[in-house]
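Descriptive structure summary
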Amino acid sequence: MRRLRTVIVTLTLAAAGIAAAADSAPIRIGAILPLTGSGASYGVWMKGGAEIAAEEINAAGGIAGRKLEIVFDDHAADASKAVNAMRRLVEVEKVPFTLTSYSAPTLAIQPIGAQHHVVMMNGGGQSDNLANKDYLYNNIPVVSNEVGVIADWLARDKKLRTAALVTANDEAGRNSAKTFRDKYAAAGGRVVAEEQVTLDGTDFRAQLAKLKAAGGELLYINSYGRNVAIIADQARELGITIPLAGTSWTLVPETFKSPGAEGMLTTKLPFDPELPFAKKFRAKYGVDAGFFAVQYYTGTKIFARAAEEAMKKSGGRLDGDGVKQAIESLKVFDTISGKLVFQPNHAALMDIEAGVLRGGKVQVEKVIKASH
Amino acid sequence: MDLVLQLFATGVVVGSLYALCTLGWGLIYGTTLHFHVAHGAVFTLAAYYAYVGQKVVGLPLPVAAVAAVILAAASGLLIDRLLYQPLERRGAVRTTLFIASLGTLILVENTLAIVFTPDPLRMDIGILQTSIRLGPVFLTALHLLTVALVIVAAAALMLFLRHTRSGQAIRAVASAPEMARTVGVDLRRIHLLTYAIGSAISAPAGILVAMDVGAEPYRGTTFVLLASVGVIMGGIGSIPGALLGGLFLGLIENLGVWKIPSEWQSALSFGVFLLFILVRPRGFFGRRVASAEL
């Protein structure tokens, strides 16, 4: 009996020792991003933004004294790859939190995260279906906000009342197209034709020829990534001269460089290229930072703030539920772009700017303030 | 009507690219009876040779393109010399060669994807990018060049096969290999020559697509599949048939979009193909499909 007690005491002490060691071990979180494929340009921004945030957090002493490490994984815009990455993060890395991106991949991993109590922070995907999901938070507005603004701006301010739609054949594209149809009709516009394109396609001339024949005063792009520049250039090549339009997700480096996209009507979410963060990004990666770089910088910083809060409450223990409760109770986070408020639907609201793409920059014509 | 004309023109351009593949693949299949799917790898390699030539080595585009065609011809020849011929010497059946060919295609594609990423790599094509208006139809200078090149390639191939000794030897091997061997034709040498010429004819298709929309690692699979379809539709062993088969595929793919939603584009060609082999198994010209072997 006495020997058994000794064993138990020893085991307890050993367990305490492990716990103490774990307390100084690095905190690992995941990041499931489009590192290759049609959205690789977003991947450069997102990964870089998260890395800079982690460096800053670690340089300032880490989270409650523990270093932050990010495990990056590639979904290449493919939901099944995202699921594999999420399983590895949950089962092998046992992370309490992961950054995520894109609509279809995020919707695919959300049930796994909810089941294993892992918080997911999406800073890129904008499908309306991403709202109101357990353990999933979006530090970006869902698409109905932004599409609502651009549909209204195009129909009322720009007086472009008929539109042809080119739509990516995925969750994000279809959701954007559906929302555009509703909001554009509400603003007095009419959709005359719609054609679908694949995200990894490179030749959309047949679809564009059909849209050209359908007429319309405007070609609205419900697609994103390198697709946008290909659509723009091939549209111009086919003699399509009407204005092109699309929301902030169309604004990737390929689009800025595309001659066909010159004059495109677009909405964007606030990003200040003069931020010290943007300068740091440029120096470190040799490319200009964009909105999505800030998004993942911010997502990482939100985690750090929430994790600190959670560990304060639990006496140093960190898990997904603690992070979730901290996000719910804090609700408001200070970011380099101003205050970020999570709405009851788990998405952030932001100011939305509408303008024209000229010489690789959006000349803002109108700002629609977010009403929190 | 403008739409139909535009779709027709785009169809001819795409069909010309298919026709280059069909000509090369058909020549090889008709002569060696190898179901050479690794032709897709040669097609893709040609694109990357041209890309590396222009963007890494810094050669002018025409030089890079010609060098890429020569390297592609050598690649096709080497596949026969280092893979098919040793297998045949050991008595491998055609199915074994086919599996080896498929393995080569997958190996090359994945290696390219690892080395160059799966993303399309754009080349600088300068004035070839200029959009040209022909009535209601818009094409780029590159597209016109593509069509011109197919005509030249088909004519050159036809002249070569009819009027040179090597060409006649290839035709002899294609129509009666045993007889050709009996009269002293070196089958192995003719096979090597066929691979080199077949690869050189299809290589420009790979390079032209890369110049138009970027070099991509996995594109060869689609093209070689369509090439085999085009050859069977056109009639095995027929050059005009191969040309027509390729053009026909490009045209259905694009004209079909006129009334059918565009997401059906690639399903359409294969659907028409299935109908075709049921209704007209001989193809436009040439031998019966049933007599064609793997």
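Residues numbered from 1 in each chain as written. Chains lettered and ligands numbered in written order. Predicted model: local features only at pLDDT ≥ 70, side-chain atom pairs only at ≥ 80, totals over all residues.

Along the backbone of chain B there are 11 helices and 2 strands. Walking chain B from its N terminus toward its C terminus, one meets helices and strands in the order α-α-α-α-β-β-α-α-α-α-α-α-α. Rg of the C-alpha trace for chain B: 19 Å, near the compact-globule value of 19 Å for 294 residues, within the 12% margin. Residues classed as buried in chain B amount to 48% of the 294 residues present. (Helix = DSSP H or I, 4+ residues; strand = E, 2+ residues; numbered from the N terminus. Rg over C-alpha atoms; globule rule 2.2 N^0.38 Å. Buried ≥ 20, exposed ≤ 12 C-beta atoms within 10 Å, placed from the backbone.)

Let's shift gears to the sheet that holds strand E9 (residues 244-246) of chain A. Residues and elements named next belong to chain A. Judged by pairing direction, the sheet is mixed, and its 7 strands sit side by side in the order E7-E6-E8-E9-E10-E13-E14 without closing on themselves. Two strands lie at the open edges of the sheet, namely strand E7 (190-197) and strand E14 (361-368), each paired on one side alone. Averaged over all pairs of adjacent strands, the angle between strand axes in this sheet comes to 25°, irrespective of strand direction. Lying on the sheet, helix H5 (residues 143-157) is in contact with strand E8 (218-222), E9, strand E10 (265-268), strand E13 (352-358) and E14; it crosses E13 at an angle near 60°. In the packing of helix H7 (residues 205-214) onto the sheet, the strands contacted are strand E6 (162-168), E7 and E8, and the crossing angle to E7 comes to about 170°. (Pairing = 2+ DSSP bridges. Axes fitted to C-alpha atoms, helices over the stretch in contact; angles between N-to-C directions. Contact = placed C-beta atoms within 7 Å.)

Time to look at the packing of helix H6 (residues 165-175) of chain B against helix H8 (residues 187-213) of chain B. Residue and element names in this part refer to chain B. Across the interface, H6 lies against H8 with an axial gap of 10 Å and an inter-helix angle of 105°. In this view, H6 runs roughly perpendicular relative to H8, as classed from their interaxial angle. Facing Ser166, Ala169, Ile170 and Val173 of H6, the residues of H8 in contact are Leu187, Ile190, Leu193 and Thr194. Residues of the contact of H6 with H8, tallied by class, amount to 6 nonpolar, 2 polar and no charged. (Parallel < 35°, antiparallel > 145°, perpendicular 65-115°, else oblique. Nonpolar A, V, L, I, M, F, W, Y, C, P; charged D, E, K, R; others polar.)

Residue and element names in this part refer to chain B. Under the 1.5 Å per step criterion, the end-to-end length of helix H1 (residues 2-32) is 44 Å for 31 residues, consistent within 8% with the ideal 45 Å. Counted residue by residue, H1 has 25 buried out of 31 residues, so it is predominantly covered. Among the residues trailing H1, Leu33 stands out with phi positive, at a value near 60°. (Expected span 1.5 Å × (residues − 1).)

Sheet faces and side chains relate simply in a regular strand, where the side chains alternate between the two faces. Pairing of strand E1 (residues 131-134) of chain B with strand E2 (residues 137-140) of chain B involves 4 bridges; the strand directions are antiparallel. Across the sheet, the residue bridging to Leu134 of chain B is Val137 of chain B, located in E2 of chain B.

Before going further, it helps to examine the domain arrangement of chain A. Residue and element names in this part refer to chain A. As far as domains go, chain A holds domain 1 (27-141 + 273-341) and domain 2 (143-268 + 352-368). Measuring from the centre of the C-alpha atoms in domain 1 to the corresponding centre in domain 2 gives 28 Å. Facing 18 residues of domain 1, the contacting portion of domain 2 comprises 22 residues. Those elements giving two or more residues to the side of domain 1 that touches domain 2 turn out to be helix H2 (40-59) and helix H4 (103-116). Counting residues per element, the side of domain 1 that touches domain 2 draws most heavily on H4, which supplies 3 residues. Taken together, the residues that form the side of domain 1 that touches domain 2 break down as 7 nonpolar, 10 polar and 1 charged. (Domains from an automatic or database assignment.)

Turning our attention to the interface of chain A and chain B. Every contact between the two is made by 17 residues of chain A and, on the other side, 21 residues of chain B. Only E7 and H7 of chain A provide two or more residues apiece to the side of chain A that touches chain B. For the side of chain A that touches chain B, the element with the highest residue contribution is H7 of chain A, accounting for 6 residues. A per-class count over the side of chain A that touches chain B returns 5 nonpolar, 7 polar and 5 charged.

All names here are of chain B. Mean pLDDT over chain B stands at 91; residues scoring 70 or higher make up 97%. Helix H2 (residues 39-57) holds the highest mean pLDDT among the elements of chain B, 98, whereas helix H11 (residues 265-279) holds the lowest, 84. In this model residues 289-294 is a low-confidence stretch, pLDDT under 50, and it forms 13 contacts with partners more than four residues away in sequence or in other chains. (pLDDT = per-residue confidence, 0-100.)

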